[in-house]
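One-letter residues, chain by chain:
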Amino acid sequence: ADFDAKKKRKVAEIYQALNSDPIDVAKLRRMAISEGGLLTDEIRRKVWPKLLSVNTDDLPPLPARKELREDNKDYQQVLLDVRRSLRRFPPGMPDDQREGLQEELIDIILHVLKRNPQLHYYQGYHDIVVTFLLVVGDRLATALVEKLSTHHLRDFMDSTMDNTKHILNYLMPIIDQVNPEVHDFMQSAEVGTIFALSWLITWFGHVLSDFRHVVRLYDFFLACHPLMPIYFAAVIVLHRKQEVLDCECDMASVHHLLSQIPQDLPYESLISKAGDLFVQFPPSELAKEAAQAAEAERTAASTFKDFELASVQQRPDTVLRQRFRERLRGEERLRGEERTKSILTKPRTNRFVKLAVMGLTVALGAAALAVVKSALEWAPKFELQIFP
């Protein structure tokens, strides 16, 4: 009963903020962040546009489906991703209703991309868009997603992954501020930050199975700085500190543990913790450490390119040898033939295992890890998918 009373009070406060003139956006932000978030989808439909300062009075009409899809370079990829998105729709939804929504989902994505040619589609984008579609319907979702894509998600929508990697580089400095022991353990394991990639670029929509948790996080992220999702990612790792420290200190084990996100997280306390950390260690203070992390990761930063090469039916060890040869030609020509020989005859150096494991989990999901650990052998063909 106490909970209900609290909820009623909160609903009243939200409507008060919505009805004041001018609308009290600062208060709406506080409501979205504080316990329970915006409570209902009905309220979200009213508040989300305010958090993104989208004017709902004159939403542009949606273009005709046929003309959107003709000659659209992204259509095939979007279609594939949306067809795979079954589990993002409420269980028990009738097939025809879901298929209708999937068509709307494709339209929204293509519409935003067509209107903003500077934006590039990425796998996982549809996980964000479907959340908006299910909460606010297609017309409003289109306007909100367009605003979001040119602001919060802008870094993920570049033609390269450089900015996304840059954001991932904030993860370790945040962990270091709170728990140097966990940070050092992860550094020793050389686990990197790729395990958090799908969390970050889908705002956790891809990895959480309960829709209520997803929209609760969206309330939080929409009300906050665009880097908040990486603080939330750090808080999840810190929440699991004991599991991490009990893990074997190697890349494969730690990556495997962290990439399986527990579904029963204490969301409210993690949200307030992430907010606290953001205030304590704002991005401006962490920028220097993030840049250093980027320096240290230069070697691993080519992971994606390596595995794109590898997926063109080459064995990754061939790719890696090729890279070693390129590097050797440059920096290490002076150091004589012996060193060259030893590096090329030992492609299973730590870095190789690291690239292999990262690349494979990125490519095939965590199921591939067992294979990597035992044999480091590949089937010659695999599709580069960031998501299982």
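Because the structure is a prediction, the values reported are computed rather than measured. (Residues numbered from 1 in each chain as written. Predicted model: local features only at pLDDT ≥ 70, side-chain atom pairs only at ≥ 80, totals over all residues. Heavy atoms only, no water.)

Asker: Give me the lowdown on the overall build of the protein, citing residues and values where you can.
Answerer: In terms of regular secondary structure, the protein is built from 24 helices and 0 strands. Total accessible area on the protein is roughly 18,700 Å²; 52% of this is exposed by carbon and sulfur atoms. (Helix = DSSP H or I, 4+ residues; strand = E, 2+ residues; numbered from the N terminus. Areas by Shrake-Rupley, 256 points an atom, 1.4 Å probe, with all protein chains shown as cover.)

Asker: Tell me about the pattern of salt bridges, and please be specific about residues and values.
Answerer: Counted by the stated rule, this structure contains 20 salt bridges. Of the charged contacts, one joins Lys-6 and Glu-35 as a salt bridge, the two residues approaching to 3.6 Å between their closest N and O atoms. Separated by 29 residues along the polypeptide, Lys-6 in helix α1 (residues 2-19) and Glu-35 in the loop between α2 (25-33) and α3 (41-51) bring together distant segments of the chain. When its relative accessible area of 52% is taken as the criterion, Glu-35 is described as exposed. The residue Asp-74 makes a salt bridge to Lys-73 at a minimum N-O spacing of 3.2 Å. For Lys-73, a relative accessible area of 70% corresponds to the exposed category. (Salt bridge = Lys/Arg side-chain N within 4 Å of Asp/Glu carboxyl O. Buried < 20%, exposed > 50% of the residue type's maximum accessible area, 1.4 Å probe, protein only.)

Asker: Which residues make up the packing of helix α7 (residues 125-136) against helix α13 (residues 211-223), and what are the values?
Answerer: Where α7 meets α13, the closest approach of the two axes is 11 Å, and the angle between their N-to-C directions is 100°. In this view, α7 runs roughly perpendicular relative to α13, as classed from their interaxial angle. Every residue of α13 that contacts α7 at Asp-127, Ile-128, Thr-131, Phe-132, Leu-134 and Val-135 is listed here: Phe-211, Val-214, Val-215, Tyr-218 and Leu-222. (Axes fitted to C-alpha atoms, helices over the stretch in contact; angles between N-to-C directions. Parallel < 35°, antiparallel > 145°, perpendicular 65-115°, else oblique. Contact = heavy atoms within 4.5 Å.)

Asker: Run through the confidence of the model for the protein, naming residues and quoting values.
Answerer: Any region with low pLDDT has predicted coordinates that should not be read closely. For the protein, per-residue confidence averages 81 on the pLDDT scale, and 76% of positions sit at 70 or higher. Note on residues 299-319: pLDDT is under 50 here. Beyond four places in sequence and across chains, it has 39 contacts. Within the model, the stretch residues 336-352 combines pLDDT values under 50 with 24 contacts to residues more than four positions away or in other chains. (pLDDT = per-residue confidence, 0-100.)

Asker: Pulling in residues and values, what's your account of α2?
Answerer: In an α-helix there are 3.6 residues to a turn, and that puts residues three or four apart on one side. Among the residues making up α2, those that are buried are Lys-27, Leu-28, Met-31 and Ala-32. In an axial view of α2, the angular spread of the buried residues amounts to 140°, which keeps them on one side of the axis. On its buried side, α2 packs onto α1, α3 and α13. (Arc of directions from axis to C-beta.)

Asker: An account of the environment of Leu-79 is needed here, citing residue identities and associated values.
Answerer: Looking at where Leu-79 falls in the secondary structure, it is placed in helix α5 (residues 75-83). Under the relative-accessibility criterion, Leu-79 is labelled buried at 10%. On a C-alpha basis, the gap between Leu-79 and Gln-102 in space is 8.9 Å, while along the polypeptide they are 23 residues apart.

Asker: Break down the nonpolar core for me, with residues and values.
Answerer: Most often, soluble globular proteins have nonpolar side chains that are buried together. Membership of the largest hydrophobic core comes to 107 residues, with the highest contact counts inside it found for Trp-48, Phe-204 and Phe-232. Here this core spans two domains, and each of domain 1 (1-155) and domain 2 (160-313) adds at least three residues to it. Leave out the neighbours within four places in its chain, and Trp-48 touches Leu-38, Phe-132, Val-135, Val-136, Leu-144, Val-215, Tyr-218, Asp-219 and Leu-222. (Core = buried A, V, L, I, M, F, W, Y, C linked by side-chain atoms within 4.5 Å. Domains from an automatic or database assignment.)

Asker: Explain the packing of aromatic side chains residue by residue, including any values.
Answerer: One pass over the full model with this rule turns up 14 aromatic pairs. Relative to Phe-232, the ring of Phe-204 has its centre 5.3 Å away and its plane inclined at 90°; by these criteria the two rings are edge-to-face. Taken together, the residues span a long stretch of sequence, with Phe-204 in the loop between α12 (197-201) and α13 and Phe-232 in helix α14 (residues 228-239) at a distance of 28 residues. Neither Phe-204 nor Phe-232 differs from the other in exposure class; each is buried. (Phe/Tyr/Trp six-rings, centres within 6.5 Å; stacked < 30°, edge-to-face > 60°.)

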